[in-house]
Amino acid sequence: MSDEASRSESQSLSMMYGTYADVLFVLFPFLVIGMQRLWEGDLYDVLLRPDLSIAAAILAGLAIGKFVLGLVGERELGPFKERIVFFIALTLFVVLGPAIILILSIVGGGQPPGFVAFVQPVLLIIAISLYTTAISISNILTRSGRHSPVVRRDTAPAGGLSGGPQSLPEPLVIPRRSGEDSA
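Residues numbered from 1 in each chain as written. Predicted model: local features only at pLDDT ≥ 70, side-chain atom pairs only at ≥ 80, totals over all residues. Heavy atoms only, no water.

(A) How the structure looks around the overall build of the protein chain. In terms of regular secondary structure, the protein chain is built from five helices and zero strands. Its helices and strands taken in sequence order, the protein chain reads α-α-α-α-α from the N to the C terminus. Within the span of the protein chain, comprising 183 residues, buried residues form 31% of the whole. In the protein chain, the proportion of contacts linking residues at least 24 apart, taken out of those at least 6 apart, comes to 72%. Looking at the protein chain as shown, the accessible area adds up to about 12,300 Å², and 67% of this sits on carbon and sulfur atoms. (Helix = DSSP H or I, 4+ residues; strand = E, 2+ residues; numbered from the N terminus. Buried < 20%, exposed > 50% of the residue type's maximum accessible area, 1.4 Å probe, protein only. Contact = heavy atoms within 4.5 Å. Areas by Shrake-Rupley, 256 points an atom, 1.4 Å probe, with all protein chains shown as cover.)

If you want it as C-alpha cells, here you go:
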C-alpha cells in the first residue's frame, strides 16, 4: 500500500512539474517582451498592453482543450460530464471572453483605462489556476477510469462479476446492413 501511495505521490509531483512547465513555456515570450519594455522604462505601460490578456487567452484555450480531452477521453465518465462542461463554460465566461474583449479594446485604439492594469494580471492568474485545474481533473478522471474494473458482459457468470482490473472492455458490435445475408 505504501508503494502505491509513493507511486501516486510521484505521479502527482511529475504532473505538477509538467503543468507548470507548460505555463512557463507559454509565459516565456511575454516575459521577454515585458523585460524589453521595462528596459525602455515603460513599467506601467507593460500592464496597459494586451500581452497579459493574450497569455490569459492562450492558457484558457489550453484549459478548454484539456477539459474537452477529459470529457471525451473516457467512456465511463457519465456522472462527471456536467462538471467538466461547467468548467468549460466557466473558463469561457471568466477568462477567455474578458481576455478577448480586453485585447480588442486595447488594440482598437485610444488610451486604455487604468483598471486594465489590475484586471489583466487577475485574468492571467485565473487562467493559470483553471489550466492547472484542467490538468488535474483530466488526470484524475482518466486515472480513476483506468483503475476501475471493466466487466465483459459476454463472459460474466450468472451470479456476479468476472474479471477485475485485467478484464477487457466490451467489444464493439457493428450491426449488419439490412441487405446482407447472414452466412
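Structure's up, so let's keep going.
(B) Layout of the pattern of salt bridges. Counting across every chain of the model gives one salt bridge. D51 is the partner of R37 in a salt bridge, and the nearest nitrogen-oxygen pair spans 2.3 Å. Taken together, the residues R37 in helix α1 (residues 2-39) and D51 in helix α3 (residues 51-73) connect sequence positions 14 residues apart. Taking the relative accessible area as the measure of exposure, D51 reaches 11% and is therefore buried. (Salt bridge = Lys/Arg side-chain N within 4 Å of Asp/Glu carboxyl O.)

(C) Local environment of the packing of aromatic side chains. All told, the structure shown has two aromatic pairs when counted by the stated rule. Arranged with centres 5.4 Å apart and planes meeting at 15 degrees, the rings of F67 and F87 form a pair that is stacked. Taken as a pair, F67 in helix α3 and F87 in helix α4 (residues 81-107) lie far apart in primary sequence, 20 residues in all. Since its relative accessible area comes to 22%, F87 is described here as partly exposed. Summarising the aromatic geometry, the rings of F86 and F87 are spaced 5.6 Å apart at their centres and angled 65 degrees between planes, so their arrangement reads as edge-to-face. Of the aromatic side chains, those joined through ring pairs into one cluster are F67, F86 and F87. (Phe/Tyr/Trp six-rings, centres within 6.5 Å; stacked < 30°, edge-to-face > 60°.)

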